[in-house]
Amino acid sequence: DEVRLLASSALAYLARSEHAHAYMATKPLLDTLARTLVRGEPATSREWAAMSLRYLSRLPATRARMRHAGVELARALADALCAPVIDEKTRSWAISALAYQLRDSESRELLAASAPDADGRLPVGVALSD
């Protein structure tokens, strides 16, 4: 647990540097941060993951790199906000990251296209983040 906590906090500090964004906006790292946001242990790791995603989501160029890498965080962040294990600090960072993600029309359209219908069914090919 201590190693995961140190790793997630180091990533958050790295994400604060715009120079690191080019190296961090990769599918494996972003997928790991999105999973940690929902299931990370200890709980502080979730907060650090949310903080990393918020800093990485801030710049339009980095958001474009994320999409180019095949990563769409808006759905993962929206799912994380509904998770029962999310605390208030983590929720705050995740809301901020989602707000940055939704500045781009592509993210808004993808999130809208993956929304459940009136009966709660997801569109074909859309699954909740795991």
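The structure displayed is predicted, hence computed values, not measured ones.

## Comments concerning the overall build of the chain
And step 1. Of the regular secondary structure elements, the chain holds 8 helices and 0 strands.
And step 2. Overall, the chain shows an N-to-C arrangement of helices and strands of α-α-α-α-α-α-α-α.
And step 3. Looking at the chain alone, contacts between residues at least 24 apart form 66% of all its contacts between residues at least 6 apart.
And step 4. For the chain, the computed accessible surface area is about 7200 Å², with 58% contributed by carbon and sulfur atoms.

## Section: the layout of surface pockets
The method is simple in principle: a probe with the dimensions of a water molecule rolls over the atoms, and the space it marks as empty is what remains.
And step 1. When its volume is computed, the second largest pocket comes out at roughly 200 Å³.
And step 2. Along the walls of the second largest pocket sit Arg4, Ala7, Ser8, Leu11, Thr32, Leu33, Thr36, Arg39, Gly40, Glu41 and Ser45, which together make up its complete lining.
And step 3. The set of elements that each furnish at least two residues to the lining of the second largest pocket consists of α1 (2-15) and α3 (27-39).
And step 4. In the lining of the second largest pocket, the residues fall into 3 nonpolar, 5 polar and 3 charged.

## Topic: the packing of aromatic side chains
And step 1. Taken as a whole, this structure holds 2 aromatic pairs when the rule is applied.
And step 2. A ring pair is formed by tyrosine 13 and tryptophan 48, whose centres lie 5.5 Å apart and whose planes are at 45°; its orientation type is tilted. With tyrosine 13 in helix α1 and tryptophan 48 in helix α4 (residues 43-57), this pair connects stretches of sequence that are 35 residues apart.
And step 3. Residue tryptophan 48 is classed as buried on the basis of its relative accessible area, which comes to 17%.
And step 4. With a centroid separation of 5.7 Å and 50° between ring planes, the pair formed by tyrosine 55 and tryptophan 93 is classed as tilted. Remark: tryptophan 93 occurs in helix α7 (residues 88-101) and tyrosine 55 occurs in helix α4; sequence separation between them is 38 residues.
And step 5. Tryptophan 93 gets classed as partly exposed once you look at its relative accessible area, which sits at 22%.

## Quick look at α3
And step 1. Its 13 residues place the ends of α3 18 Å apart at the C-alpha level, agreeing with the 18 Å of an ideal helix rising 1.5 Å per residue.
And step 2. Among the residues of α3, Leu29, Leu30, Leu33, Ala34, Thr36 and Leu37 are the ones counted as buried. The buried residues of α3 occupy an angular sector of 160° when the element is viewed end-on, so they sit on one face. Exposed residues pointing more than 90 degrees away from the buried face of α3 are listed as Pro28 and Arg39.

## Comments concerning the confidence of the model for the chain
And step 1. The pLDDT averaged across the chain works out to 83; a share of 88% of its residues lies at or above 70.
And step 2. The lowest-confidence element of the chain is helix α8 (residues 105-113), averaging 79 in pLDDT; the highest-confidence one is α7, averaging 92.
And step 3. Taken as a whole, residues 124-130 scores under 50 in pLDDT and shows 9 contacts with residues more than four places along the chain or in a different chain.

## Some remarks on the pattern of salt bridges
And step 1. The tally for this structure, following the rule as stated, stands at 8 salt bridges.
And step 2. Residue arginine 58 pairs with glutamate 18 through a salt bridge whose shortest N-O separation is 3.6 Å. Within this pair, whereas arginine 58 is found in the loop between α4 and α5 (60-68), its partner glutamate 18 is found in the loop between α1 and α2 (21-24), the two being separated by 40 residues in sequence.
And step 3. On the accessibility criterion, arginine 58 (24% relative accessible area) is partly exposed.
And step 4. Take glutamate 18: its relative accessible area is 48%, and that puts it in the partly exposed class.
And step 5. Aspartate 79 is paired through a salt bridge with arginine 75; the nearest N and O atoms lie 3.1 Å apart. Note that aspartate 79 and arginine 75 are positioned in helix α6 (residues 73-81) at a spacing of 4 residues, about one turn of the helix. Taken as a pair, aspartate 79 and arginine 75 share a single burial class, namely buried.

The rules we used
- Residues numbered from 1 in each chain as written.
- Predicted model: local features only at pLDDT ≥ 70, side-chain atom pairs only at ≥ 80, totals over all residues.
- Heavy atoms only, no water.
- Helix = DSSP H or I, 4+ residues; strand = E, 2+ residues; numbered from the N terminus.
- Contact = heavy atoms within 4.5 Å.
- Areas by Shrake-Rupley, 256 points an atom, 1.4 Å probe, with all protein chains shown as cover.
- 1 Å grid on protein atoms, 1.4 Å probe; cavity = no way out; pocket = protein on both sides within 12 Å on 5 of 7 lines; lining within 4 Å.
- Points joined across faces, edges and corners; volume = space filled by probe spheres on them.
- Nonpolar A, V, L, I, M, F, W, Y, C, P; charged D, E, K, R; others polar.
- Phe/Tyr/Trp six-rings, centres within 6.5 Å; stacked < 30°, edge-to-face > 60°.
- Buried < 20%, exposed > 50% of the residue type's maximum accessible area, 1.4 Å probe, protein only.
- Expected span 1.5 Å × (residues − 1).
- Arc of directions from axis to C-beta.
- pLDDT = per-residue confidence, 0-100.
- Salt bridge = Lys/Arg side-chain N within 4 Å of Asp/Glu carboxyl O.

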